[in-house]
Amino acid sequence: MKVAIFGQYYQNDTRPIIRDIFMFFNANQIELVIEAHFLTILYQEAIVQKDYKTFSSHIELDQSFDLFLSIGGDGTILRAATFVRDSGIPILGINAGRLGFLASVQQDNIAEFLQLVLEKKYTISKRTLLSLVCSTPNAEIENLNFALNEISVSRKDTTSMITIETILDGEYLNSYWADGLIIATPTGSTGYSLSCGGPVLTPNVKSLVITPIAPHNLNARPLVITDDTEIKLRVTGREKQFLVSLDSRIATIDQETTLTIQKTPFQINMIEIQEETFLKTLRKKLLWGEDKRN
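Given the structure is predicted, the values throughout are model-derived calculations rather than measurements.

Colleague: Can you walk me through the sheet that holds strand β8 (residues 146-147) in this structure?
Modeller: Sheet strands line up and pair through hydrogen bonds in the backbone, either parallel or antiparallel. Spatially, the six strands line up as an open sheet ordered β8-β7-β18-β15-β10-β11, and their pairing is antiparallel. What marks the edges here is a single partner per strand, and that holds for β8 and β11 (171-178). Bridging between strand β7 (residues 130-134) and strand β18 (residues 258-263) involves five bridges; their strand directions are antiparallel. When the bridges of β18 are listed, C134 appears paired with L259.

Colleague: Help me understand the packing of aromatic side chains, please; the structure alone is not making it clear to me.
Modeller: How two aromatic rings sit relative to each other is given by the distance of their centres and the angle of their planes. Tallying each qualifying case throughout the model produces seven aromatic pairs. For the pair F24 and F25, a centre-to-centre distance of 5.8 Å together with 70° between the ring planes defines the contact as edge-to-face. Between the aromatic rings of F146 and F266, the centroid separation amounts to 5.7 Å while the plane-to-plane angle is 80°, which identifies the pairing as edge-to-face. One end of the pair, F146, is in strand β8; the other, F266, is in the loop between β18 and β19 (268-272), and 120 residues separate them in sequence. Given a relative accessible area of 7%, F146 falls into the buried group. Taken together, the ring pairs in this structure connect F6, F55, F68 and F83 into an aromatic cluster. Lying over the aromatic face of F65, K2 brings its terminal NZ or CZ to 4.4 Å of the ring centre.

Colleague: I tried to follow the nonpolar core on my own but got confused; where do I start?
Modeller: Nonpolar side chains in soluble globular proteins tend to be buried together. In this structure, I5, I21, F22, F25, L32, L69 and L92 are the most contacted members of the largest nonpolar core, which totals 33 residues. Top contributing element to this core by residue count: helix α1 (residues 15-27), with six residues. With residues near it in sequence (within four places) discarded, L32 still touches V3, I5, F22, F25, N26, Y52 and K53. Within the second largest apolar cluster, 27 residues are counted, among which are C134, I151, L181 and I231.

Colleague: What should I look at first to understand empty space enclosed by the protein in this one?
Modeller: Rolled over the atoms, a probe sized like a water molecule indicates the empty space that remains. All chains considered together, the criterion is met by three cavities of 30 Å³ or more. Surrounding the largest cavity, 14 residues form its lining, F101, L102, S104, R127 and E272 being those nearest its centre. For the lining of the largest cavity, the elements supplying multiple residues, two or more each, are β5 (91-95), β6 (123-127), β19 and α7 (278-286). Sorting elements by how many residues they give to the lining of the largest cavity places β19 first, with three residues. Grouping the amino acids of the lining of the largest cavity by side-chain chemistry returns six nonpolar, five polar and three charged. Of the voids in this model, the second largest cavity is the one considered here, and its volume is about 40 Å³. Lining the second largest cavity, in full, are T158, I162, V235, T236, G237, R238, E239, Q241, F242 and Q255. Elements represented by at least two residues in the lining of the second largest cavity include exactly β15 (231-236) and β16 (241-246). Grouping the amino acids of the lining of the second largest cavity by side-chain chemistry returns three nonpolar, five polar and two charged.

Colleague: Sorry if this is basic, but what is going on with helix α3 (residues 74-84) here?
Modeller: Along an α-helix, a turn takes 3.6 residues, which lines up residues three or four apart on a common side. Within α3, nine of the eleven residues are buried, leaving the element largely enclosed by the surrounding structure. Taken residue by residue, α3 has D74, T76, I77, L78, A80, A81, T82, F83 and V84 as its buried positions. Looking at the residues trailing α3, positive phi occurs at R85, about 50°.

How each quantity is defined
The numbering scheme is per chain: residues are counted from 1 as the chain's sequence reads. Since the coordinates come from a predicted model, pLDDT governs what is reported: local features require at least 70, and pairs of side-chain atoms require 80 or more to be given and counted, while whole-chain, interface and lining totals use all residues. To obtain the side-chain values, all non-hydrogen atoms of the structure were included, while hydrogens and water were left out. The pairing criterion for strands is at least two bridges between them, as found by DSSP. Only DSSP runs of H or I with at least four residues qualify as helices, and only runs of E with at least two residues qualify as strands; both kinds are numbered from the N terminus onward. Aromatic contacts are taken between Phe, Tyr and Trp rings whose centres are within 6.5 Å, Trp giving its six-membered ring; a plane angle under 30 degrees counts as stacked, one over 60 as edge-to-face, and the others as tilted. Only protein chains enter the accessibility calculation, which uses a 1.4 Å probe; a residue whose area is less than 20% of its type maximum is buried, one above 50% is exposed, and one in between is partly exposed. Note on geometry: a ring has a charge over it if NZ (lysine) or CZ (arginine) is within 6 Å of the ring centre and within 35 degrees of the ring normal. The nonpolar core is taken to be a set of buried Ala, Val, Leu, Ile, Met, Phe, Trp, Tyr and Cys residues, with the residues joined through side-chain atoms within 4.5 Å. What makes two residues a contact is simply this: any of their non-hydrogen atoms within 4.5 Å. We place a 1 Å grid over just the protein atoms. Points where a 1.4 Å probe fits but has no way out form a cavity, open points with protein on both sides within 12 Å along at least 5 of 7 lines form a pocket, and any residue with an atom within 4 Å of a point lines it. Grid points are joined across faces, edges and corners, and a volume is the space filled by probe spheres set on the points. Under this grouping Gly is polar, as are all residues other than the nonpolar Ala, Val, Leu, Ile, Met, Phe, Trp, Tyr, Cys and Pro and the charged Asp, Glu, Lys and Arg.

So far we have only geometry, and geometry alone does not tell us how the molecule works.
Below, the structure is given as structure tokens:
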């Protein structure tokens, strides 16, 4: 078995988690390949001493890998997706962060869950991604133009709201007067979109969510659409530029640029273990059922 490892180091909070993971894999004689920057930190912090092979980009991850292990929070998994891309390598998230829906394996159960993975006692949850194409070339986007959680547009250098003209499959939907607009996947429905009042979607539904950010029109509400819809956005406002974000990556776009958003032809494979399903994570993270009346 061959495993790629990528992670974030959160000082003492992460140290025991990382040690447990490496001890387990080394005890089971698993071939490990570590992201180069992360391995440098592990050497500096004296968490590992052995020599390991490294990778630095998606090009080095081929079909010989059985698993991509992400150590951190949901943000770490979003970055992990930029390494995995269309390779099909399944991702397992070890939660070293706080509120996480993607990094579902908790530090108390690491060895137990990793053993289940070795025994292939898991299912694959296929996650939809979104791609972005701009009508004018933009180097910040062209090299990495997809998102696992959401693509959003927002105002840049002003407190004034922007106007986002929205067209679905060639038909005009609405011009949102707002601070911005979020196009979220089912995976991203528990992120930024949720905090702006959007609905929670289960990962396997074939839908997207359009969620306005602080809309001036109070009757503007989140809208669920099919995931094969082509979405075009055109932004206008008092400033000459606005921001577009793909998960945590942000680019500056000129006004009147047309943004075309579509589902990508590939999906990300997330490992789901029976003891940590999406619905169980949902109940746990959102404290559903914690009301004493239940």
